[in-house]
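Understanding the architecture of this molecule
Spelled out, the chains give:
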Amino acid sequence: MTNLNAFLAPGMLVEHPQRPDWGQGQVQSNIGNKITVNFRNAGKVVIDGARVALLLSDEN
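None of the values given here were measured: they were computed from a predicted structure. (Residues numbered from 1 in each chain as written. Predicted model: local features only at pLDDT ≥ 70, side-chain atom pairs only at ≥ 80, totals over all residues. Heavy atoms only, no water.)

**Some remarks on the side chain of Gln24**
- Within the secondary structure, Gln24 sits in the loop between strand 1 (13-15) and strand 2 (25-31).
- On the accessibility criterion, Gln24 (11% relative accessible area) is buried.
- Looking at Gln24, its side chain comes within polar contact range of the main-chain oxygen of Asp58, at 2.5 Å. (Helix = DSSP H or I, 4+ residues; strand = E, 2+ residues; numbered from the N terminus. Buried < 20%, exposed > 50% of the residue type's maximum accessible area, 1.4 Å probe, protein only. Polar contact = N/O pair within 3.5 Å; in protein donor to acceptor, adjacent residues only side chain to side chain.)

Structure representation (structure tokens):
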């Protein structure tokens with residue numbers, strides 16, 4: 001399985017597959033397996049990219 005998280009760049013919009021209540025988030029940084037995302041309904045969250053595959057989101 002290819003790690004799609006490795007291609008995430010600052011400014012990209014994503015969603016957490018297990019936390020739809022967090023809403024859409026904007027990637028702030030992606031260093032190693034640590035992805036910092038500012039989610040609409042949860043604020044800034046650091047995601048372990050080795051454990052969670054974030055989903056690309058629509059621009060809406």
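After presenting the structure, the write-up continues.
**With respect to the nonpolar core**
- Leu8, Val14, Trp22, Val27, Ile35, Val37, Phe39, Val45, Ile47, Val52 and Leu54 form the largest nonpolar core, which has 11 residues in total.
- Residue contacts for Leu54: discarding those within four places in its chain leaves Asn5, Leu8, Val14, Glu15, His16, Pro17, Ile35, Val37 and Ile47. (Core = buried A, V, L, I, M, F, W, Y, C linked by side-chain atoms within 4.5 Å. Contact = heavy atoms within 4.5 Å.)

**Quick word on the pairing of strand 3 (residues 34-39)**
- Across six bridges, the pairing between strand 2 and strand 3 is antiparallel. When the bridges of strand 3 are listed, Gly25 appears paired with Phe39.
- Between strand 2 and strand 3, which pair antiparallel in sequence order, lie two residues; one of them, Gly32, sits at a positive phi of approximately 65°.
- Relative to strand 4 (residues 43-48), strand 3 is paired through six bridges, and the arrangement is antiparallel. Bridge pairing in strand 4 links Phe39 to Gly43.
- Hairpin connection of strand 3 to strand 4: three residues between the antiparallel strands. (Pairing = 2+ DSSP bridges.)

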